[in-house]
Amino acid sequence: MSIYQKFGLRKIINASGKMTVLGASAVHSEVAQALSAAAMDYVDIHELMIAAGRKIAQVTGAENGCPTAGAAPGIAIATAAVIAGENLTLVERVPNTDGLKNEIILQKGHSVNFGASLPQMIALGGGKVVEVGQANHVEKDHILRGINEKTAALFYIKSHHAVQKGMQSLETIVAIAKERNIPIIVDAAAEEDFKYYIASGADIVIYSGGKALEGPTSGLICGRDDLIKACHMQYKGIGRAMKVGKEAIIGLMTALDRYESKEDDSQGQINRMNWLINELSNVPGIKGSLVQDEAGRDIYRAQLTIDEKIAGINAVALVENLEAGNPAIYTRNYYANIGIINIDPRPLLMDQEKVITSRIREIISECKRKEKK
Ligand SMILES: *Cc1c(COP(=O)(O)O)cnc(C)c1O
């Protein structure tokens, strides 16, 4: 019995991804042990924050780092840092930044909801979001004309939530930022590559600790030393309301250690998903294929196309059936409305792909039986 069932909650099989609503990541036992050992002891928090910053810097290749309670707090803290810097009087005034350089430029197709509103997180850090261009089309000129003497930073998001076409590239934004001497903040919350954005010239990069890193609920900011020192300073301001605990910091550091020595497991993902596709190949109305992540990450999922006429059930109803069962199975269903569901191998615990295939078989044959009656 899992700890969640002990408290009366349903068992969940997560085939959906690193989803905050399903608890993001199930951490490795080494990380879990680190969390528990840290929770049962004392530490000088200031020293811990500095040590975590050094660890983050080492893994990301940045000058310095700052641990956070998540990527969303990281957005608010980084925004406050570029506006208030290390000036305690200003730090204590955020999110009221009237009269300061407080405008944050965001391409309209990057103004998204990642589970919560990105512009709201920027506003929480005292940033005034200036959206440029249109939702599906931004030209370099839109960005250039958005810049004025009140511009505090350019903000770039790398995410499947963002519009993938018609936006200006990171390269272009970095070039503008360098030319105008404005910092660029990158939200790379769910990205797998912890070095790429720093190496590409971003001044501040934000990651989630609970996604690709498979750490506990936490996050990290990395980047230029002066800006990261300003991030640390925000813990005397708005950061206090988003405090990251000692156990989460140690869990994060342990996950960073593990990440450095992690082998590529994409072949394992491919094997598991090919097994699942093959297992479902004789189920009427379901066609499976292996697809790579839509944002180009090294993730391989099984894509199931449901033909309602043959299967006797559409993808949306299949998803509902899977989620209503016990254990509840959550698939990746952004495209269920057009008959497609995806199975994400990353969050699956051992042998759960077998539970998924047998449950799908069961649901389809149930539909067939009803049809015959
Ligand atoms: C998940 C996500 C966040 C929030 O991350 P948390 O660690 O849950 O706070 C922010 N931005 C993007 C693009 C995300 O995908």
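Cut-off values and rules
- Numbering of residues starts from 1 in every chain and runs along the sequence as written.
- Local features in a predicted model are, by the rule used here, given only for residues with pLDDT of at least 70; side-chain atom pairs are given and counted only at 80 or more, and totals for whole chains, interfaces and linings are based on all residues.
- With hydrogens and water excluded, all non-hydrogen atoms of the structure serve as input to the side-chain values.
- UniProt positions are given in the numbering used here, feature names are shortened, and annotations may be inferred rather than shown by experiment.
- Helix and strand definitions here come from DSSP, where helices need a minimum of 4 consecutive H or I residues and strands a minimum of 2 consecutive E residues; each element is numbered from the N-terminal end.
- As defined in this context, the radius of gyration uses C-alpha atoms, and a globule is described by 2.2 Å times the residue total to the power 0.38.
- Note on classification: 1.4 Å probe, protein chains only; a residue is buried when its accessible area is under 20% of the maximum for its type, exposed when over 50%, partly exposed between these limits.
- Throughout, a residue-residue contact means that at least one pair of heavy atoms, one from each residue, lies within 4.5 Å.
- In this count, Lys and Arg are taken as positive residues and Asp and Glu as negative ones, while His and the chain termini are left out.
- Charge coordinates come from a single atom per side chain, which is NZ of Lys, CZ of Arg, CG of Asp or CD of Glu.
- Bear in mind that the domain bounds are from an automatic or database domain assignment.
- In short, buried area is how much 1.4 Å probe accessible area vanishes from two parts on joining, totalled over both.
- In the sections that follow, a salt bridge refers to a side-chain nitrogen of Lys or Arg positioned within 4 Å of a carboxyl oxygen of Asp or Glu.
- Here a polar contact is taken to be a pair of N or O atoms separated by no more than 3.5 Å, where protein atoms must pair a possible hydrogen donor with a possible acceptor and residues adjacent in sequence count only if both atoms sit in side chains.
- Residue polarity is assigned by list, with Asp, Glu, Lys and Arg as charged and Ala, Val, Leu, Ile, Met, Phe, Trp, Tyr, Cys and Pro as nonpolar; anything else, Gly included, falls into the polar class.

In the annotation of an unreviewed UniProt entry, the protein is listed under the name Pyridoxal phosphate-dependent enzyme and assigned to Pelosinus fermentans JBW45. The record held by UniProt for the protein lists under Sequence similarities (unreviewed entry) the comment "Belongs to the SelA family."

Draft legend 1. Region of the structure containing the overall build of the protein. Looking only at helices and strands, the protein features 15 helices and 12 strands. Scaling as 2.2 N^0.38, a compact globule of 373 residues should have a C-alpha radius of gyration of about 21 Å, and the protein matches this with 22 Å. Based on the C-alpha atoms only, the size of the protein along its principal axes is roughly 75 × 55 × 35 Å. Here the protein holds 373 residues, and the buried ones make up 51% of them. In the protein, the share of contacts with a sequence separation of at least 24, taken over all contacts with a separation of at least 6, comes to 71%. When the 42 positive and 43 negative side-chain charges of the protein are each reduced to one mean point, those points stand 5 Å apart.

Draft legend 2. The arrangement of the UniProt feature "modified residue: N6-(pyridoxal phosphate)lysine" (unreviewed entry) in the protein in detail. Summarizing the sequence annotation, UniProt attributes the feature "modified residue: N6-(pyridoxal phosphate)lysine" (unreviewed entry) to Lys211 in the numbering used throughout. By the secondary structure assignment, lysine 211 is in the loop between strand S7 (204-208) and strand S8 (219-223). The residues contacting lysine 211, other than those within four sequence positions of it, are Lys18, Thr20, Ser25, Ala189 and Ala190.

Draft legend 3. The arrangement of the domain arrangement of the protein in detail. Looking at the assigned domains, one finds that the protein contains domain 1 (3-21 + 264-372) and domain 2 (42-259). Taking only C-alpha atoms, the centre of domain 1 and the centre of domain 2 are 34 Å apart. Taken residue by residue, the interface counts 10 residues in domain 1 and 10 residues in domain 2. When domain 1 packs against domain 2, close to 780 Å² is buried across both sides, 48% of that on carbon and sulfur atoms. If you sort the residues of domain 1 by the area they bury against domain 2, Lys18, Ala295 and Arg297 come out on top, with a joint share of 65%. At the boundary of domain 1 with domain 2, the tally comes to 1 salt bridge. The tally of links between domain 1 and domain 2 comes to 4 residue pairs in polar contact (both at pLDDT 80 or more). Tallied by class, residues from the side of domain 1 that touches domain 2 come to 3 nonpolar, 1 polar and 6 charged.

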